[in-house]
Every structure is written in C-alpha cells, then in structure tokens.
Amino acid sequence: MIPFHIVLRPHDPHLPIIDRIAQGRNIDPDNFRESLSLRKTRGDPLLLNDIQKGVDRIIQAYTTNERITIFADYDVDGVSSATLLSLLFSEIIPYPHVHVMFPDRLEDGYGIKTKHLDQIKTWGSTVVITVDNGITSLIEADHARSLGIDLIITDHHEPLSRLPNAYAVINPRCSTTYPHRDICGCAVVYKLACVLIDQLVPANERSRRKTYLLPLVTLATVADIVPLHGENRALVAQGLSLMRQSEHLPPWLKAFLDFLGIRKTVDTYHLWFMIGPRINAGGRIASPYDSLNALINRDNKAHHFLHTLDVLNTERKAMQQKAYDLARTMVDPTRDMVMVFHESFHEGIVGIVAGKLCEQWYKLTMVGKIDTHKWLMTASLRSPDYANCIEFLDFVSDLTVKSGGHHHAGGLSVSLDNLDAFLERCKTYEHKYLHNRPRSKPLIVDTHLHPDERDQTLLATLDQFAPYGEANPQPILLLTGKIVSYREYQRDEKIMRFFSILTDTVRIPVVVRRCERWDWQEGETISIVWTIGKNREWLIQYIASAIFSSDGKQCMCE
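Here the structure is a predicted model, which means the values were calculated and not measured.

*Asks:* How would you summarise the pairing of strand 3 (residues 98-101) if you had to cite specific residues and measurements?
*Replies:* The sheet contact formed by strand 2 (residues 67-72) and strand 3 spans four bridges and is parallel. Residue pairing across strands places Ile68 opposite Val98, the latter belonging to strand 3. With helix 4 (residues 76-92) bridging strand 2 and its parallel neighbour strand 3, the resulting β-α-β unit is right-handed.

Pasting the structure below:
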C-alpha cells in the first residue's frame, strides 16, 4: 500500500496539551466550550432559500386536506429525514394525508424520477417534499409542474449550474445568507420542521417538540459523515446530551439501544458504527421501508424490523468483504486513479468498498457495478483531500446518464455503449489533473505527548474535543520509545497485539487491534501514532493507528 508521512499540526510546543491541540486545529481555546452552544452557532431557518415559501405551501395543503408525499433517499440521512417528517405529521402536527416513498436502489438508482411522479399523481398528491435528494432533478421538476404537482426540494448536495424549476428549493448550498453550508439533509428537514412548529404549535410546546426531533438530526449528522464543526458540532453535542437523559430518550433510540444491548453512555461511536450501518443496510441491500418502520414503530413491531435490519447488516458485511477482497486484486497500482468494475458487485456496497480503497491507496477511487440487464455501469466515487469528485463528474458529465455528489463522495451511471469512451476520458482526467498527486499519504498528528501529561486525567482533558466525527477526529498524538515487552493472541480470526514501550522513565502499554504486518522486536525504538481510550477496567489505553521507525519501516493499524 501507499507509504505515509507524518504531518504535525503547527502549534506552540510549550502550551498545555489542550491548547496545543486547539491551536493546531485553529480553535480559539478561550471560546472552546462556547462553540458547542447551539444557540450561538445555529443558523436561522428563515435564512434558507425558499423555506418560508415551502412552509406556506405545506400549511395550505394542511388546511385544505391535500395529500402530501415525502420522497426520501434510501440511506441513513434520507431515512432519518423521512422519519422526522413522519413523526412531525403523526405526533406533533397531526395530519393523516402524508405518505412516504423511497426509490428502489437497484431498479431506480438515486433520486426522484419521472415515473415516481407519475405514480404519486395517481395517488392524488398535489405536494411532494423531497428529502436528501432532488437538487439535480431538472427534468423531474419540469415534469412535476406539467402534472400539477408542487415540488418542494429539501437537499444538501451540490447544485448544478442551474437549479430545478421547482415550487421551492431549500438547500444551504443555494442560500447565500445561510451561514452553514455543510449541514446534512436531515438538518435541512429539521429547519423546515422548526418553522412549521413555530407557526402551527402553541408557543409553550414549541421547544419540547423541537427537542423531541433533534436526536434524529444527531444520528444523521454523524452517520452521513458531514464535517463536525460549527452548527453540525453543536447539533451533535446537544443531541447526544438529550440521548443521555432518560426523560428525553426517543422511542426509536430506546428500541435500538435495548435491541443492541447498549448499556454505556451513548456516543458518536454507537451512532456511526452500530445504529447507522443497520439503518443503511435496509436501503443498501433490501428495502429502506424496513429502516423507516424500525424507527417509527414501537415495542414488538419495532423489534421485528430491528431484527430484519440486523440480519441484513450481517449479510451486507459478508457481501462487502467478498467484494473488497476481489476489488483489491483488481487495483492497478501504476494508475493515478483506482478504477474497479465487476458484474458481481452489489450497488449497495460499492460506496463502502470505494471508501476503503481510497483510504488505503490515497487516490481518487471509483468502484462500479456492471449490469448487463440495465445496460449500465453504476459506480460510487470517493476522493482524498487533494482530489474533487465534483470536478471529476463535471469532466465526464457528457458521457454519464446521471451523476451527483460533493467534494469527497459521488456517484454516476454510464451506458455500456459509452463505457469505453468513458474509460478513455478517465485516463485523460488522470493525466490532466492527477499526475502530480502526492506519492505518500499524510497522517495528521495533533502533538507530541509530554512526559508529565501521561496520567489518568489525560482522557478527560482530551474529551473536551468530543463529540468526534468527520473533520473533528479524536486527538491524534505521537509517542516515541523502546519496545520492552510484547504478546499477541487471536480473537475472531483477528490477531490482537499488546506491547509496552519505555519512554523516558515511563512504561506505556499500547494496543494494536490489527496491522498490515509486524516487523518489530523487543529492544527496537519506534514511534507510534495513537489515540487514547479505556479498557474494560476503565484504565487508560493507547491505541496505535500507525507505527514507524527511523530506518523506514512502517505499518498502518486499525
């Protein structure tokens, strides 16, 4: 795999550790805790383009008993958005004439299609609210108008050069006055819901009703991997605080926690690695309606759908591992872009595989499904910081059937008739834009750990940077010392390694959960890139993410 090099964030090494990390991340230490205040960092919903126009149309439909259809994306952001609006119209602003519709991932692909609008028309819906999709649906918006349907688009993805001719377009990336461009789709929907609550719910109930919906935004923000700074950070921090209070625990979250046996304090880890993947599994390989039903139902009925999602998630992991193992053998290391296509890949997992390959090779990565039945190649894109998926998609747009995304992730479909021309265009893009790409991967490190900072208060000190997520990772530290002990054992077909290093006069225990190879012996001096955690006895534990030595040996760890 591609080698790595250490990049130390710039900071004054004489500052206390909390100030060193804050300085390196361009955070003002004096206002550090204040940055978590939702009141100070939230954007006014009314600054979002067309939001009042959309709210007025929904209220008109509400007062005249018109049918409303919510058209949602099938991932965790879209499902959370659909759930939020479902709860709004079932429990907060009771209105029975609301229906949720998802596309079929395999048959329809991403986003609303004209055939969906035709179906919606037969149901008698006069208002359609898209959630987490629609910003590139130019043809579909025109078709909605021709059918007499008022299309209200709520989305957070990058728009094209021209906006859809919809009744209302609500997207922070189209709103020049809204201060936070990076909120997720569910946060956009939450803004819409907040304005509706302000106009339809008695004043003494508004705060409580908004609080009830906020944990869904927290889930989507973490699981959709949007940057955890500004408003996103505040939404997650406040949402986690609510999730840790039994009186504010929403039924959907209580059901998930009970089903998964989670008894610890809810954290971003549980949302990102345990709850989010199960919700995604429904839309990836089966039906997003299973995911929606797991969130909106109660008790035994919810348990049934949670069990379904658990089975699907296990199946998804097996499919993903099989596809990844095959994809690894197909990577051409001489290319400046990773491109892997195969008929056996499932469209629901190509994005995950692309993400793993991008992480390992540090290259713009495309993983695609060849479908001779639909006569399409459908692919997901992932990019490292130096590349840009939107730039690539623009470069090949005339050869794609459909495409969309943002800086670090995207998707496209190409007719097999155009596949050869598309692949040639990809080579042209490589030569034009990627030939000067970095030849090693930067590992961003916050700071060295000083000898007097190695105590049991370290974890509490560093946890001031929580909640962790995209663009706000757990503090990453650097430590150098000599290996003085080593042992390993196998668990679930994985080798776990434990060793101690002596640095100054302090002996430090280090955990390696998985690594590419093990090249070091007792007595060698190594440097460790690591994060901090606790073991089952709640003792400080140093968890290695990379190991290297002065003679050039190195390995990445998981």
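*Asks:* With reference to specific residues and values, describe the sheet that holds strand 9 (residues 376-382).
*Replies:* Spatially, five strands are ordered 7-8-9-11-10 in an open sheet, and the strand pairing comes out mixed. Either end of the sheet is taken by a strand with one partner, and the two such strands are strand 7 (337-342) and strand 10 (402-405). With direction set aside, neighbouring strand axes in the sheet form an average angle of 15°. Sheet analysis places strand 8 (residues 364-371) next to strand 9, joined by seven bridges and oriented antiparallel. Opposite Met366, over in strand 9, you have Leu381 as the bridge partner.

*Asks:* Tell me about the environment of Asn171, and please be specific about residues and values.
*Replies:* With respect to the element layout, Asn171 can be found in the loop between strand 6 (168-170) and helix 8 (185-200). The class for Asn171 is buried, based on a relative accessible area of 0%. Residues Asn171 and Val189, spaced 18 residues apart in sequence, show a C-alpha to C-alpha distance of 9.7 Å. If near-sequence neighbours (up to four positions away) are discounted, Asn171 is found in contact with Leu48, Ile135, Asp155, His156 and His157. At a separation of 3.0 Å, a polar atom in the side chain of Asn171 contacts the main-chain carbonyl oxygen of His157.

*Asks:* Can you break down unusual backbone geometry residue by residue, with the values?
*Replies:* Following Ala466, the chain continues to Pro467 via a peptide bond in cis, the omega torsion being 5°. Positive phi outside glycine occurs at Asp299, with the angle close to 50°. You can call Asp299 exposed: its relative accessible area is 67%.

*Asks:* Describe the packing of aromatic side chains, with residues and values.
*Replies:* Taken as a whole and assessed by the stated rule, the structure comprises 13 aromatic pairs. A ring pair is formed by Phe4 and Phe548, whose centres lie 6.1 Å apart and whose planes are at 80°; its orientation type is edge-to-face. Of the two residues, Phe4 is situated in strand 1 (residues 4-8) and Phe548 in strand 18 (residues 540-548); the sequence distance between them amounts to 544 residues. Summarising the burial analysis for this pair, Phe4 and Phe548 share the class buried. Here the aromatic cluster, defined as three or more aromatic residues joined through ring pairs, consists of Phe392, Phe395, Phe422, Tyr429 and Tyr433. Seen from the ring of Tyr167, Lys53 lies directly overhead, with NZ or CZ sitting 4.9 Å from the centre. Positioned above the aromatic ring of Phe498, the side-chain terminus of Arg487 is 4.7 Å from the ring centre.

*Asks:* Please set out the nonpolar core residue by residue, giving values where relevant.
*Replies:* Within the largest apolar cluster, 77 residues are counted, with the highest numbers of intra-cluster contacts made by Leu84, Leu88, Ile129, Leu213 and Phe256. In terms of residues, this core owes the most to one element, helix 8, which gives eleven residues. Setting aside its immediate chain neighbours within four residues, Leu213 contacts Leu84, Leu87, Leu88, Ile92, Tyr190, Ala193 and Ile197. Counting residues in hydrophobic clusters, the runner-up holds 30 residues, among them Leu458, Tyr468, Leu479 and Cys515.

*Asks:* Report on the pairing of strand 5 (residues 150-154), specifying residues and quantitative values.
*Replies:* Most of strand 5 sits inside the fold, with five of its five residues counted as buried. Both faces of strand 5 are covered, namely the face carrying Asp150, Ile152 and Thr154 and the face carrying Leu151 and Ile153. Bridge count for strand 4 (residues 125-131) against strand 5 is five bridges, and the pairing is parallel. For Val127, the partnering residue across the bridge sits in strand 5 and is Asp150. Taken together, strand 4, helix 7 (residues 138-146) and strand 5 constitute a β-α-β crossover, and its handedness is right-handed. Sheet analysis places strand 5 next to strand 6, joined by three bridges and oriented parallel.

*Asks:* Which residues make up the environment of His157, and what values go with them?
*Replies:* Within the element layout of this structure, His157 appears in the loop between strand 5 and strand 6. When its relative accessible area of 15% is taken as the criterion, His157 is described as buried. Filtering out sequence-adjacent residues up to four positions away, His157 remains in contact with Tyr110, Asp132, Ile135, Asn171, Arg173, Gly405 and His406. Side chain to side chain, His157 and Tyr110 meet in a polar contact 3.3 Å long.

*Asks:* Can you explain the side chain of Glu140? Please cite residues and give values.
*Replies:* Secondary-structure assignment places Glu140 in helix 7. Beyond its immediate chain neighbours, meaning those up to four positions away, Glu140 contacts Ile112, Lys113, Thr114, Leu117 and Lys402.

*Asks:* Pulling in residues and values, what's your account of the environment of His248?
*Replies:* Tracing the sequence through the fold places His248 in the loop between helix 10 (231-243) and helix 11 (251-260). Judged by its relative accessible area of 33%, His248 is partly exposed. In this structure, the C-alpha to C-alpha distance between His248 and Leu163, residues 85 residues apart in sequence, is 39 Å.

*Asks:* Account for helix 9 (residues 203-223), naming residues and giving values.
*Replies:* Helix length check: helix 9, at 21 residues, gives a terminal C-alpha distance of 32 Å against a target of 30 Å (1.5 Å per residue), a fit within 8%. Largest kink in helix 9: about 30°, centred on Leu213, with the proline Pro215 one to four residues after it. Of all the residues in helix 9, the buried ones are Lys210, Leu213, Leu214, Pro215, Leu216, Val217, Thr218, Leu219, Ala220, Thr221, Val222 and Ala223. The inward-facing, buried residues of helix 9 abut helix 4, helix 8, helix 10, helix 11 and helix 12 (268-285).

*Asks:* Would you mind going over the pattern of salt bridges in detail, with residue names and values included?
*Replies:* What the rule picks out here adds up to 27 salt bridges. With its nearest N and O atoms 3.1 Å apart, the salt bridge here joins Asp182 to Arg173. The class for Asp182 is partly exposed, based on a relative accessible area of 25%. Of the charged contacts, one joins Arg335 and Glu430 as a salt bridge, the two residues approaching to 2.3 Å between their closest N and O atoms. Taken together, the residues Arg335 in the loop between helix 14 (299-330) and strand 7 and Glu430 in helix 17 (residues 419-434) connect sequence positions 95 residues apart. Accessibility expressed as a relative area gives 21% for Arg335, which makes it partly exposed.

What counts as what
Residues numbered from 1 in each chain as written. Predicted model: local features only at pLDDT ≥ 70, side-chain atom pairs only at ≥ 80, totals over all residues. Heavy atoms only, no water. Pairing = 2+ DSSP bridges. Helix = DSSP H or I, 4+ residues; strand = E, 2+ residues; numbered from the N terminus. Right-handed = clockwise from strand over helix to strand, strands pointing away. Axes fitted to C-alpha atoms, helices over the stretch in contact; angles between N-to-C directions. Buried < 20%, exposed > 50% of the residue type's maximum accessible area, 1.4 Å probe, protein only. Contact = heavy atoms within 4.5 Å. Polar contact = N/O pair within 3.5 Å; in protein donor to acceptor, adjacent residues only side chain to side chain. Phe/Tyr/Trp six-rings, centres within 6.5 Å; stacked < 30°, edge-to-face > 60°. Lys NZ or Arg CZ within 6 Å of the ring centre and 35° of its normal. Core = buried A, V, L, I, M, F, W, Y, C linked by side-chain atoms within 4.5 Å. Expected span 1.5 Å × (residues − 1). Bend = angle between axes of the 7 residues up to and from the residue. Salt bridge = Lys/Arg side-chain N within 4 Å of Asp/Glu carboxyl O.

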